[in-house]
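Okay, here's what each chain looks like letter by letter:
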Amino acid sequence: MCFKNLPVEFDEAGVATLRRDIADPYALSVTKPDVGTTEAEREERIQRLMAANGHIKDINMDPVTRVAGALAIHVAADLDAGEYLDAHSQATLFRGYEVILMGRDPRDAIFVSSRACGVCGGVHAHASAYAIEMAMGLRPPPFGTVIRNLQEAAEMGYDNPLHLYLLAGPDYSEAIIRQSNPELWPKAEQYRCPNEDIHGFRTMADLMTALNPLTGQLYREGLDFTRLSREMFAVLAGKFPHPQTVVPGGVSSTITLQSLNEYHSRLAKIFDYAARMMAVWDDIPEFLYSCDERYRLVGARPTNHIDPGYWDDPYAYDATYANCNDWGQRRWSSPGVVIDGELVTTRLTDLNIGLEEFVEHSYYDESSTSRHADDTAGNPISPYHPWNKRTLPRPAGKDWKEKYTWATAPRWDRKVVEAGAYSRLLMTAKARALPANDFIEATGHSVRMLIPKGLTAEAEVEWHAPDQWNALERNRGRAYHYLFSQLVGLNNLLMAYDMMKKGETRVAAVPADELDDHIPSDVRRSVGWWGAGRGWLTHHMEMENGKLTNYQIVTPSTINASPRDPWDQPGPYEEAVMNTPIIEDVSDPGRFTGIDMLRAIRSFDPCMPCTTHVSTQHGTIVREVNTCSCGAD
Amino acid sequence: MARTASNGTDQRTPADLLLDFHGPVERYHDREELGDFGMPARAFMEDLLEPIAKAGAMSRLGPLEKVHAFWFAGMSCDGCSVSVTGATSPSVESLVLGAHPGAPRVILHHPVLNVESGANYMRPHEMALSGELDGPYVIILEGSIADETRAAADGGYWSGQGEEPWGPDGRMRTVSTAEWMARLAPGAAASLAIGTCATWGGVPSAEGNPTGAMSLMDFLGKDYRSAFGVPVVNIPGCAPVGDNFTETVAAILYFLQGFGPLPEFDELGRPSWLFGETVHRHCVRGAYYEEGDFAEEFGDKECLVEIGCWGPVVNCNITSRGAINGVGGCMNVGGACIGCTMPGFPDKFTPFYKRPPGSLASSTVARMVGSIMRPLRKYSNNNMNREVRWDVHGDIPSGWAREKSEPGVVSEISHRFYDKLRRSTDTGRNEVEPWGKRAEWTKERDSDREPDLTLRAGATSGRKE
């Protein structure tokens, strides 16, 4: 029984039903989650502190840089107490991908939806292909699935170092530490790095100097490795971002031994580097924890994560919803939901029917409908489920109590969950369902990985699920995920060779000129479950008479950047900021930089372009300037 | 633009209309009040990099020491930024660090790369507007520009970056990307549009979108000229090849420094050395088209036109340049061209994976020509796959599949005739005796005599000795 809030029960066969004793089970006033601090309590506290204390800063940071896309964050900070009292995450850009897709030929969806995000350069194309082939009944041949897996392993190879060294890394660099946290610098000079033998930096000060933007060795090396992985991607997909070879029912890549060798030879360079990356991102948290225990609370959140899994078993994946729990279990990273540290389900149908998207604080009209009562397999879905959701944008004034962002509020079982590359490790560790292989092992609480020999010797490393998720553990998890994804790449490369040996080299289900015959005329609904550099990605669609009638995208940053939900539970960024202590010296308020909250926000690897993929009808925007929750300008 | 009004046209551009609405800028952020919020290094990126990036006198190859580059993301996916971080010829870090000899250092103000956030990040933009900047600047736009006039009428925006005290009574107001472009474009040394959204509107302007998304040149109007007299420079692609952008920037800088040639741009402002040809002309599969040999299934190695490739009518260079560091390229690896560099993208190319109807005539012609050309080429190719020695001996010492390589009687006779024809103008056949060698040990190249079995025996016995 994975649902605590939604009134859903399961019979012996695992089919879900709605509890019959509740009249309107999905009503917002009927089925409510446990909410910690209510919005009223939060506001009352701010008012009280405002009256007693002049050191409350109410500031909007627009733009937050070193994130992908347009993000602004509003905070109320109590500089005396060193606390963030309130936070609002705002997505400040919208474009219109869902709206553009509705009414089109489904063959357009892959290339059009890819343009939702150029940072996660290939993931939308793949998620879209998954959704289309489920609707059209096209099962990719095994080689096609393996080539997809190889592309997407390469994509993670680009994404993780991009974040760790270009976006988040500078926050831990000498250039910033010496200015924002001068108390740490003498300690950094004294601190001998435990992993010096792996990454080569003697002291933490040396390591932090290498993180300096553009001039630091680690920054530059990170940039170069993003290029190497993008080359691997381009060998199979033509270009990055926006791959050119993802088609309904497989890929169109022409694969020869040369393609596999070019991929292989670049992959070979990555493992030594992965070892250094993990060593760096192990040493940084250990140093900061040793300096100040409060760093365990920067960006802290409860262990509530969600991930639909990634990289399919080519022989199990059949593109059907009916069998999705079977093929989902056989993914290289396991689907699942973790609530309060416990794995509550690994079934894709549970992930799907528990998903709802709310717009109370987003610039949309109420988007829910009762069009569909179930998920096509008999399991009940909510009126707020993507298959029942419309995209009805309605620009309005920025008002923290009403609407203040273009991001929606996706929730699972009405709980606030977060998504991330590291969530993939967490699910995989707990689910223990990894395909048999020589390199990765899940233990229930950790993931053990063997680093193949490169120029340095082979080694075994282990990622342990942290007790307390925070900014530093997200970064550490991302570093381990880098190795994990590249080992998935290696496993799939070996499979590709094996298939070539067997002559199983068809890459797509049907030729291009037969796609016409497979476009159904009846009503079909489908979902592509996939991953991005930041975790969860789904495309839900409906088509009728060969035309897309609905298209709904839920991205990881929509989940993480989400605003308050109908019960005023703050979204993950907001919650993480409010849990963040102000550790920097703010005795002079003019020198308040906001570094602690920036570390908290950047640890999620925000990616706003695809968070805000929605566009408006002919609307108007009325904006109240300087509105804040506490009513003080 | 004032320029538009002064040259007598009364057509107001979207940029004019937006600025008409907002009126002039009267104030900027109070530097004192800003403090260090969002500035964790307590320094701008420019200052942080200065010790490494600033060139000494000996490295200066022209009048410019530095150029500011303000990068804006309008209705974008950030894919152009990502592409540019992948560029290697030159790389973005070499330009920013002043490590590309001859080019001035580029002070890049980029929301994805800079250290400073919030109002402090926007300060150099304000300085560019107020004329306080210590050098020339260019503006770079990725993403389309929404029609902001409608939203602005109600005090709102579609795509914003930064808050400025430009509202009534100095109140803070989110400033749209479009407004920044309209204000900064007249004073910019150059305005560069990167990617198909900024150059031609791209996917955000596709059918069904209500935002009125448009390109930078549509927004600024045809009379727009930069401070240096240049219309909008367009580097299209979705996403573009990163090197196409950095190379264009570098070419402009070389010219401004005085040592580079004037870069040529076509009638749409594209660098003509990059976009002057169709991508098909560079395509590694182009010769399949020439021989009328077309892919039927996804993954096939032949020309992709019949599975939906638009390459023959699309201006692009990705098949010769590769996507990143010379690697990849759509058709090179099996991806059919969907025209992502073109003003007509996407709606003139959809639905995708459908054979362009216009290709029927030309591919039929190619098939007919190919049906003649292919056997002839195969015939010569077989001949070239034999050593002269094998021809002489009538024997192929290959353990692999020799039957296939052995010529038939007709082929052997016709090749003898063909070789005569081919060598009819070979001056090596002229009636002069070389005198610097021993003639009797020299094997004649002419093969129109019988195989010399004695020579073969001699060679064999020679090895034995």
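Use the structure listed above.
Treat the numbers as computed from the prediction; the structure is a model and nothing was measured.

What follows concerns helix H5 (residues 79–86) of chain B. Counted residue by residue, H5(B) has eight buried out of eight residues, so it is predominantly covered. Among the residues making up H5(B), those that are buried are B:Gly79, B:Cys80, B:Ser81, B:Val82, B:Ser83, B:Val84, B:Thr85 and B:Gly86.

Counting 316 residues, the largest nonpolar core has A:Val577 and B:Met181 as the members making the most contacts within it. No other element matches helix H11 (residues 257–291) of chain A, which puts 15 residues into this core. Per-domain counts for this core show at least three residues from each of domain 1 (2–273) and domain 2 (277–374) of chain B. Apart from residues lying up to four places away in sequence, A:Val577 is in contact with A:Ile73, A:Val75, A:Tyr84, A:Ala87, A:Met597, A:Ala600 and A:Ile601.

Here we come to the pairing of strand S16 (residues 524–532) of chain A. Residues and elements named next belong to chain A. Most of S16 sits inside the fold, with nine of its nine residues counted as buried. With burial as the criterion, each face of S16 is covered, one bearing Arg524, Ser526, Gly528, Trp530 and Ala532 and the other bearing Arg525, Val527, Trp529 and Gly531. Examined bridge by bridge, S16 and strand S17 (residues 535–544) share nine bridges and lie antiparallel to one another. Bridged to Ala532 within S17 is Gly535. Joining the antiparallel neighbours S16 and S17 is a turn of two residues.

This part is about the interface of chain B and chain A. Listed as interface residues are 87 residues of chain B and, on the opposing side, 88 residues of chain A. Of all the elements in the fold, those that place two or more residues in the side of chain B that touches chain A are helix H4 (45–53), H5, helix H6 (92–96), helix H7 (118–130), strand S4 (160–164), strand S5 (173–176) and helix H16 (330–333) of chain B. Ranked by the residues each element gives to the side of chain B that touches chain A, the list is headed by H5(B), at five residues. A per-class count over the side of chain B that touches chain A returns 44 nonpolar, 30 polar and 13 charged.

Residue and element names in this part refer to chain A. Locating Val8 in the fold gives a position in strand S1 (residues 8–10). Along the backbone, Val8 and Gly36 are 28 residues apart, and their C-alpha atoms lie at a distance of 23 Å. Once residues lying within four places of it in the same chain are set aside, the contact partners of Val8 are Phe3, Ala16, Leu18, Ile353 and Pro380.

All names here are of chain A. Taken in spatial order, the three strands make up an open sheet running S8-S9-S10, and their pairing is antiparallel. In this open sheet, the two strands that pair with only one neighbour each are strand S8 (305–307) and strand S10 (342–345). Strand-to-strand twist across the sheet, computed as the mean angle between neighbouring axes with direction ignored, equals 20°.

Another point: the sheet that holds strand S6 (residues 190–194) of chain B. Residues and elements named next belong to chain B. In space, the five strands of this open sheet follow the order S2-S1-S3-S6-S7, with parallel pairing throughout. In this open sheet, the two strands that pair with only one neighbour each are strand S2 (105–109) and strand S7 (233–235). Across the sheet, the mean angle from the axis of one strand to that of its neighbour is 25°, orientation sign disregarded. The sheet contact formed by strand S1 (residues 66–73) and strand S3 (residues 137–142) spans six bridges and is parallel. Looking at S3, one finds that Ala73 is bridged to Glu142. Contacting S1, S2 and S3, H7 crosses the sheet at an angle of about 115° to S1.

To describe two helices that pack against each other, one gives the angle between their axes and the distance between the axes. All names here are of chain A. With their axes 10 Å apart at the nearest point, helix H10 (residues 217–237) and H11 run at an angle of 150° to one another. In terms of orientation, H10 lies roughly antiparallel with respect to H11. Where H10 crosses over H11, the two elements pack in a sense that is left-handed. Contacts between H10 and H11 involve Leu218, Phe225, Leu228, Glu231, Met232, Val235 and Leu236 on the former and, on the latter, Ser259, Glu262, Tyr263, Arg266, Leu267, Lys269, Tyr273 and Val280. Of the residues contributing to the contact of H10 with H11, the split by class is 10 nonpolar, one polar and four charged.

Rules used in this analysis
Residues numbered from 1 in each chain as written. Chains lettered and ligands numbered in written order. Predicted model: local features only at pLDDT ≥ 70, side-chain atom pairs only at ≥ 80, totals over all residues. Buried ≥ 20, exposed ≤ 12 C-beta atoms within 10 Å, placed from the backbone. Helix = DSSP H or I, 4+ residues; strand = E, 2+ residues; numbered from the N terminus. Core = buried A, V, L, I, M, F, W, Y, C linked by C-beta atoms within 7 Å. Domains from an automatic or database assignment. Contact = placed C-beta atoms within 7 Å. Pairing = 2+ DSSP bridges. Nonpolar A, V, L, I, M, F, W, Y, C, P; charged D, E, K, R; others polar. Axes fitted to C-alpha atoms, helices over the stretch in contact; angles between N-to-C directions. Parallel < 35°, antiparallel > 145°, perpendicular 65-115°, else oblique. Left-handed = near helix turned anticlockwise from the far one by under 90°.

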